[in-house]
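Structural overview for review
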Amino acid sequence: GIITLGCDDMRALSEKKLTSIPQIDLGDLLLRRIEPNDYKDVYDYGKDPEVTKHLTWDYYKSEDEAIFAIKRVFLQRPKMQLPAAHAIIHKQDNKMIGTCDFCFVDWEKRDGEIGYVLHKSYWNKGYMTRVLCAVMEFGYRYLKLKTIIIRHLPDNKASQRVIEKCCFLRIEDSFHEPTNQLVPTYKLTKRDFFHWKKGRK
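Reading the values: rules and limits
Residues numbered from 1 in each chain as written. Predicted model: local features only at pLDDT ≥ 70, side-chain atom pairs only at ≥ 80, totals over all residues. Heavy atoms only, no water. pLDDT = per-residue confidence, 0-100. Contact = heavy atoms within 4.5 Å. Helix = DSSP H or I, 4+ residues; strand = E, 2+ residues; numbered from the N terminus. Expected span 1.5 Å × (residues − 1). Buried < 20%, exposed > 50% of the residue type's maximum accessible area, 1.4 Å probe, protein only. Pairing = 2+ DSSP bridges. Axes fitted to C-alpha atoms, helices over the stretch in contact; angles between N-to-C directions. Salt bridge = Lys/Arg side-chain N within 4 Å of Asp/Glu carboxyl O.

A few points about the confidence of the model for the protein
- Of all residues in the protein, 94% attain a pLDDT of 70 or more, and the chain-wide mean is 90.
- In the model, residues 1–9 has pLDDT below 50 throughout and makes 21 contacts with residues more than four positions away in sequence or in other chains.

Topic: helix α5 (residues 127–141)
- Between its first and last C-alpha, α5 extends 21 Å over 15 residues, near the 21 Å set by a 1.5 Å rise per residue.
- Among the 15 residues that make up α5, 13 are buried, leaving the element largely enclosed by the rest of the structure.

Regarding the sheet that holds strand β7 (residues 169–176)
- On the basis of which strands lie adjacent, the open sheet formed by eight strands has the order β1-β2-β3-β4-β5-β6-β8-β7 and mixed pairing. Where the open sheet ends on each side, the last strands, each with one partner, are β1 (24–25) and β7.
- Inspection of the sheet shows strand β5 (residues 111–118) paired to strand β6 (residues 147–151) by four bridges, in the parallel sense. Across the sheet, the residue bridging to Glu113 is Ile149, located in β6.
- Helix-sheet contacts for α5 involve β1, β2 (29–33), β3 (86–90), β4 (95–106), β5, β6 and β8 (181–189), and the interaxial angle to β4 is about 40°.

Section: the pattern of salt bridges
- Counted according to the given criterion, the structure contains 16 salt bridges.
- Across the salt bridge formed by Lys91 and Asp25, the nearest N and O atoms sit 2.8 Å from each other. Here the residue Lys91 occupies a position in the loop between β3 and β4, and Asp25 occupies one in strand β1, the gap between them amounting to 66 residues.
- Judged by relative accessible area, which is 48%, Asp25 ranks as partly exposed.
- Among the ionic pairs, Lys197 bridges to Glu137, the shortest N-O distance being 2.4 Å. Residue Lys197 is found in helix α7 (residues 190–200), and its partner Glu137 is found in helix α5; the two are separated by 60 residues along the sequence.
- Judged by its relative accessible area of 26%, Lys197 is partly exposed.
- You can call Glu137 buried: its relative accessible area is 13%.

Written out as structure tokens, the structure is:
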């Protein structure tokens with residue numbers, strides 16, 4: 001389950017709470033904090049150019065690059081007032097197959113931007129839609145966000161379908177500095193998310 005913290009009087013969660021994010025059990029999948037020992041699995045999907053061609057980072061050339069990404073990017077986020085990333089674990093395969101996390105949070109406005117990546121062998125199984133919805137709920141309940149933003153590169157139709165399935169509303173095409181282009185940008189408020197979730201039951 002997801003723990004709700006009373007942090008309304010805080011600009012941001014403490015570094016400890018941003019580090020100690022709750023696990024989320026989705027049955028066949030488990031979402032938990034990314035760990036240093038995940039580097040082999042991170043390299044396994046991150047070395048595939050087909051996976052990274054729609055992302056802001058290039059495919060990994062060695063396991064050392066995956067180790068660096070975990071230690072210097074993912075695990076450093078709480079120090080920058082960002083929550084630790086959720087690693088996506090496929091229980092039956094005992095394998096870490098991707099991440100879903102908040103790459104930006106404006107604590108004053110309570111806005112967050114979410115991103116994700118998934119191993120190619122696990123595409124087209126509905127996993128990412130379920131994971132995204134769970135991490136969105138984590139954002140609204142645990143992080144106390146009011147609005148979540150998400151973007152995809154213009155030619156990433158698979159990501160667009162995932163975003164639309166989770167009821168995001170396309171608001172604009174915004175300039176994306178890492179790729180130097182305009183990208184479709186979506187948002188979903190906390191109120192609309194829980195209204196949509198209630199209607200799914």
